[in-house]
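Spelled out, the chains give:
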Amino acid sequence: MKILIVYYSMYGHTLQIAKAVAEGASQISQAEVMLRRVQEFEAVDKIIDQNEFASQVREQQKDIPVCTVDDLRAADAVILGSPTRYGNMCAQMKQLIDSTAQLWLNGEMEGKPAGVFTSTASTHGGQETTLLTMMVPLLHLGMLIVGVPYSTPGMIHTEARGGTPYGATTIAGGQGELQPKSEDLEISKVLGRRVAEVTAKLRS
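Residues numbered from 1 in each chain as written. Predicted model: local features only at pLDDT ≥ 70, side-chain atom pairs only at ≥ 80, totals over all residues. Heavy atoms only, no water.

Novice: Looking at this structure, how should I read the pattern of salt bridges?
Specialist: Any two side chains of opposite charge can pair, so long as their charged atoms come close to each other. Using the criterion set out here, one finds 12 salt bridges in the structure. Here Arg73 makes a salt bridge to Asp70, at a shortest N to O gap of 2.4 Å. Here the residue Arg73 and the residue Asp70 both occupy positions in helix H4 (residues 69-74), the gap between them amounting to three residues, near one helical turn. In this structure Arg73 comes out as partly exposed when scored by relative accessible area, which is 32%. For Asp70, a relative accessible area of 53% corresponds to the exposed category. Bridged by salt links that share partners, the residues Glu23, Glu186 and Lys189 form one connected network. (Salt bridge = Lys/Arg side-chain N within 4 Å of Asp/Glu carboxyl O. Helix = DSSP H or I, 4+ residues; strand = E, 2+ residues; numbered from the N terminus. Buried < 20%, exposed > 50% of the residue type's maximum accessible area, 1.4 Å probe, protein only.)

Pasting the structure below:
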């Protein structure tokens, strides 16, 4: 069974979460994990050219294939990750979702499990709204949303870090100076594993 993890990351935070999600999904023996990035905009690429750190992060991702509609079609489950943009997903991720009209018309995504994850600059900068708004088109596609239960270790906390029942999250800081906490990465692994588990049960 194919578990597709699709993400966008300019500064590396959602990339780290995506890799942890992939690690979690890989814990299920039947899972074939496919890691994909979304296509960057040409205008943003030019901006990244002028930013040494962002250029390094882009270089780290050069060997990760760009996600296609055929990747979505072939997947048995999909987990999407995007940094927040004003409490919503980034335009690059939205562009991919907006290209799925044929999949929607044909009902090709219906019944497939889906999960979401995000990175925000601050504790109240879209940790939950980004995930919730990412779910809306997935519901239109007929997908089955899988979240993270509070029985997961580290979910109940008052620290300035990630972890929501809607999906995995992390806090990047206003200048991208923070890195995902170990607890964020563990919760991310749980998300990946849960999506893979649910997919395996649906296919059995």
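Let's pick the thread back up.
Novice: Before we go on, may I ask you to explain empty space enclosed by the protein in this structure?
Specialist: Where empty space is left becomes clear once a probe the size of a water molecule has been rolled over the atoms. Enumeration according to the criterion identifies one cavity of 30 Å³ or more in this entry. Approximately 60 Å³ is the volume found for the largest cavity. Leu72, Val78, Leu80, Leu96, Ile97, Thr100, Met109, Leu138, Leu141 and Met143 are the residues that line the largest cavity. Where the lining of the largest cavity is concerned, the elements lending two or more residues are strand E3 (77-83) and helix H5 (91-98). (1 Å grid on protein atoms, 1.4 Å probe; cavity = no way out; pocket = protein on both sides within 12 Å on 5 of 7 lines; lining within 4 Å. Points joined across faces, edges and corners; volume = space filled by probe spheres on them.)

Novice: When you look at helix H1 (residues 13-25) in this model, what are you seeing that I'm missing?
Specialist: Each full turn of the α-helix corresponds to 3.6 residues, which orients residues three or four apart in the same direction. In this model H1 runs 19 Å from its N-terminal to its C-terminal C-alpha over 13 residues, within 8% of the 18 Å that 1.5 Å per residue would give. The buried fraction of H1 amounts to 10 of the 13 residues, a majority that puts the element mostly inside the structure. Taken residue by residue, H1 has His13, Thr14, Leu15, Ile17, Ala18, Ala20, Val21, Ala22, Gly24 and Ala25 as its buried positions. (Expected span 1.5 Å × (residues − 1).)

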